[in-house]
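In case you want the letters, here they are:
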Amino acid sequence: MAYFIIICKHNMPCLIFCLFLYLSLCIISTATLDIGYYQSTCPSAEAIVRRAVNRAITQDPGLGAGLIRMHFHDCFVRGCDASILLDSTLSNPSSEKESPANGPSLRGFEVIDEAKAELEIICPRTVSCADILAFAARDSVQELGGISYNVPSGRKDGTISIKDEATTNIPSPNSTVEQLQQMFSNKGLNLQDIVALSGAHSIGMTRCSLFSHRLHTFNATHLQDPSMEVKFASEMKDKCPSLAASEQVKVPLDGLTPSRLDNKYYRNLVKGRGLLASDQALMDSPLTSKMVKRFAKYGRVWMPTFVDAMTRMGSIEVLTSSQGEVRRHCRIVNL
Ligand code: HEM
Ligand SMILES: *[C@@H]1O[C@H](CO)[C@@H](O)[C@H](O)[C@H]1NC(C)=O
Ligand SMILES: *[C@@H]1O[C@H](CO)[C@@H](O)[C@H](O)[C@H]1NC(C)=O
């Protein structure tokens, strides 16, 4: 800045121009995320999150799946601002957690709480909950998939969390590829991102209720969804016997390697072994089937595409710099 003043000495228009240039550079450079954002303010931030995640995954690998999904559900509603972590309160009785897209099945909240509690001791009011969640999702990918990558950080936490926004922004398991395309493009993500990110369904669980109509009551002419492999359908009917019981019962999204994040998800789809209609649709739509087959065949092509899509998902509508706040407790906004 001082440099500009010197070269523009006694020249008012030049000074104004330089001031403008300086300010716009400032805005551009702070509106983005940076790898190693906490290097000087809290050097052990990422290591602390990693340890909390690894402890949790050792006890229950499903928590890793939960954290990856939680980051997705955070980013799709008001951007990656940790709005998913806010509990309902008297003044806001319906936070995102109350949405049917989240409430009954999102898991891993305690892992974030634990990491945050440790961080508040070492570096109080420094590391945002949105960044903790982004790191935790990455650490889960590393632990369950052996895929490592850097996560740009510097997100700030939002203060608003509304149930209905989750319900409308998070895709339904019945979505067609066209509907997915619309919802993801609202967030700046394309078809390749959809296919690559859906590979996360190679870990974790789904409730039978979200797909069992495909087994028992598909439509007027077919009781069973003809896009599902017949043998697989009868296996799944044993596990999800009736529509009535299907709210309580859960099955792995990838029965072959349920705790391994890999490209077997795509191999399942190629064989007609996708559980959610929205998963099988990726194989059955001409918009995406070529990508599914390619990822099924080449895990080495899928991995970097997944990482790239995760990184772009992690930067959706982020709050940075003076926007938002760094929450002291991830479940409640600061007073
Ligand atoms: C493409 C649109 C998507 C749809 C329609 C969808 C839908 C679903 C549904 C219905 C479940 C089962 C939840 C339950 O039982 O309540 C699920 C689980 C899961 N989803 Fe997705 N999802 C999508 C994209 C993604 C993305 C982008 C990610 C992350 C990158 C992701 C990660 C997961 C994970 C890890 C689980 C297992 C969670 C657990 O076991 O706790 N999903 N998804
Ligand atoms: C999906 O579609 C089936 C059949 O049309 C319906 O019964 C079910 O409630 C839908 N599930 C969701 C989660 O929208
Ligand atoms: C039932 O689904 C099949 C396969 O998608 C389709 O070919 C058939 O036309 C559907 N029947 C009705 C009555 O919608």
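What counts and what doesn't
- Residues numbered from 1 in each chain as written.
- Chains lettered and ligands numbered in written order.
- Predicted model: local features only at pLDDT ≥ 70, side-chain atom pairs only at ≥ 80, totals over all residues.
- Heavy atoms only, no water.
- Salt bridge = Lys/Arg side-chain N within 4 Å of Asp/Glu carboxyl O.
- Helix = DSSP H or I, 4+ residues; strand = E, 2+ residues; numbered from the N terminus.
- Buried < 20%, exposed > 50% of the residue type's maximum accessible area, 1.4 Å probe, protein only.
- Near = heavy atom within 4 Å.
- Polar contact = N/O pair within 3.5 Å; in protein donor to acceptor, adjacent residues only side chain to side chain.
- Areas by Shrake-Rupley, 256 points an atom, 1.4 Å probe, with all protein chains shown as cover.
- Nonpolar A, V, L, I, M, F, W, Y, C, P; charged D, E, K, R; others polar.
- Donors = N, O, S within 2.8 Å, 3.2 Å for Na, K, Ca; no water.
- 1 Å grid on protein atoms, 1.4 Å probe; cavity = no way out; pocket = protein on both sides within 12 Å on 5 of 7 lines; lining within 4 Å.
- Points joined across faces, edges and corners; volume = space filled by probe spheres on them.
- Domains from an automatic or database assignment.
- Disulfide = S-S within 2.5 Å.
- Contact = heavy atoms within 4.5 Å.
- Buried area = accessible area lost by both parts, 1.4 Å probe.
- Phe/Tyr/Trp six-rings, centres within 6.5 Å; stacked < 30°, edge-to-face > 60°.
- Lys NZ or Arg CZ within 6 Å of the ring centre and 35° of its normal.

Caption draft 1: Structural detail: the pattern of salt bridges. Enumeration over the complete set of coordinates arrives at 16 salt bridges. Between glutamate 114 and arginine 55 there is a salt bridge, with its nearest N and O atoms 3.0 Å apart. Of this pair, glutamate 114 sits in helix H5 (residues 109-122) while arginine 55 sits in helix H3 (residues 45-59), and the two are 59 residues apart along the sequence. Residues aspartate 87 and lysine 97 are paired through a salt bridge, measuring 2.4 Å at the closest nitrogen-oxygen approach. Of the two residues, aspartate 87 is situated in the loop between helix H4 (62-75) and H5 and lysine 97 in the loop between H4 and H5; the sequence distance between them amounts to 10 residues. On the accessibility criterion, lysine 97 (14% relative accessible area) is buried. The network of salt bridges with shared partners includes Asp87, Lys97, Asp113 and Arg331.

Caption draft 2: A look at the site of ligand 3. In the neighbourhood of ligand 3, the contacting residues comprise Phe218, Asn219, Ala220, Thr221, His222 and Pro226. For ligand 3, a nitrogen atom lies 2.8 Å from a polar atom in the side chain of threonine 221. If ligand 3 stood free it would expose 360 Å²; the protein chains cover 42% of that surface. Of the residues belonging to the shell around ligand 3, the class tally is 3 nonpolar, 3 polar and no charged.

Caption draft 3: Structural view of the coordination of the iron atom of ligand 1. Counting protein donors to the iron atom of ligand 1 gives just one, His201 (NE2), placed at 2.0 Å. Note that histidine 201 resides in the loop between helix H9 (191-198) and strand E1 (205-207).

Caption draft 4: The arrangement of the layout of surface pockets in detail. In this model, the largest pocket occupies a volume close to 920 Å³. Residue lining of the largest pocket: 37 residues in total, with Arg69, Phe72, His73, His201 and Leu276 positioned closest to the centre. Of all the secondary-structure elements, those providing two or more residues to the lining of the largest pocket are H4, helix H8 (177-185), H9, E1, helix H13 (277-284) and helix H15 (299-313). At 6 residues, the largest contribution of residues to the lining of the largest pocket is made by H4. Split by residue class, the lining of the largest pocket holds 22 nonpolar, 10 polar and 5 charged. Formed jointly, the lining of the largest pocket draws a minimum of three residues from each of two domains, domain 1 (45-170 + 315-323) and domain 2 (177-313). If you add up the space inside the second largest pocket, you get close to 200 Å³.

Caption draft 5: Molecular detail of the site of ligand 2. Within the structure, ligand 2 sits among Ser172, Pro173, Asn174 and His213. Compared with its free state, where it exposes 360 Å², ligand 2 has 42% of that area covered by protein. Here the residues of the shell around ligand 2 sort into 1 nonpolar, 3 polar and no charged.

Caption draft 6: Representation of the side chain of serine 285 in the model. You can see serine 285 is positioned in the loop between H13 and helix H14 (289-297). One polar contact links the side chain of serine 285 to the main-chain amide nitrogen of leucine 287, over a distance of 3.0 Å.

Caption draft 7: Highlighting the state of the cysteines. A complete count under the given rule lists 4 disulfides for this structure. The partner cysteine of cysteine 75 in its disulfide is cysteine 80, sulfur to sulfur 2.2 Å. Of note, the bridge from cysteine 75 to cysteine 80 carries an S-S torsion of about 115 degrees and is right-handed in sense. Take cysteine 75 and cysteine 80: they sit in the same class, and that class is buried. Here cysteine 129 engages in a disulfide with cysteine 330; their sulfurs sit 2.1 Å apart. Note on the cysteine 129 and cysteine 330 pair: the S-S dihedral is about -95 degrees, so by sign convention the disulfide is left-handed.

Caption draft 8: Highlighting the environment of serine 278. Positionally, serine 278 belongs in helix H13. In this structure serine 278 comes out as buried when scored by relative accessible area, which is 8%. Taking the C-alpha atoms as reference, serine 278 lies 8.2 Å from leucine 180; in sequence the two are 98 residues apart. Ignoring sequence-local partners within four residues, the contact set of serine 278 consists of Ser172, Pro173, Ser175 and Leu180.

Caption draft 9: Focus on the domain arrangement of the protein chain. By the assigned domains, the protein chain splits into domain 1 (45-170 + 315-323) and domain 2 (177-313). Distance between the C-alpha centres of domain 1 and domain 2: 23 Å. On the domain 2 side, the residues contacting the 27 residues of domain 1 number 21 residues. When the area that domain 1 buries against domain 2 is broken down by residue, the three leading residues are Phe76, Leu144 and Ile147, summing to 27%. Our count for the contact surface shared by domain 1 and domain 2 stands at 1 salt bridge.

Caption draft 10: Up close: the packing of aromatic side chains. One pass over the structure, following the stated rule, counts 9 aromatic pairs. Seen from their ring centres, tyrosine 37 and tyrosine 38 are 4.9 Å apart, and the 90 degrees between their planes marks the pair as edge-to-face. What makes tyrosine 38 buried here is its relative accessible area of 3%. Taken together, the ring pairs in this structure connect Tyr265, Tyr266, Phe295, Trp302 and Phe306 into an aromatic cluster. The ring centre of phenylalanine 109 lies 4.3 Å from the NZ or CZ of lysine 97, which sits over that ring.

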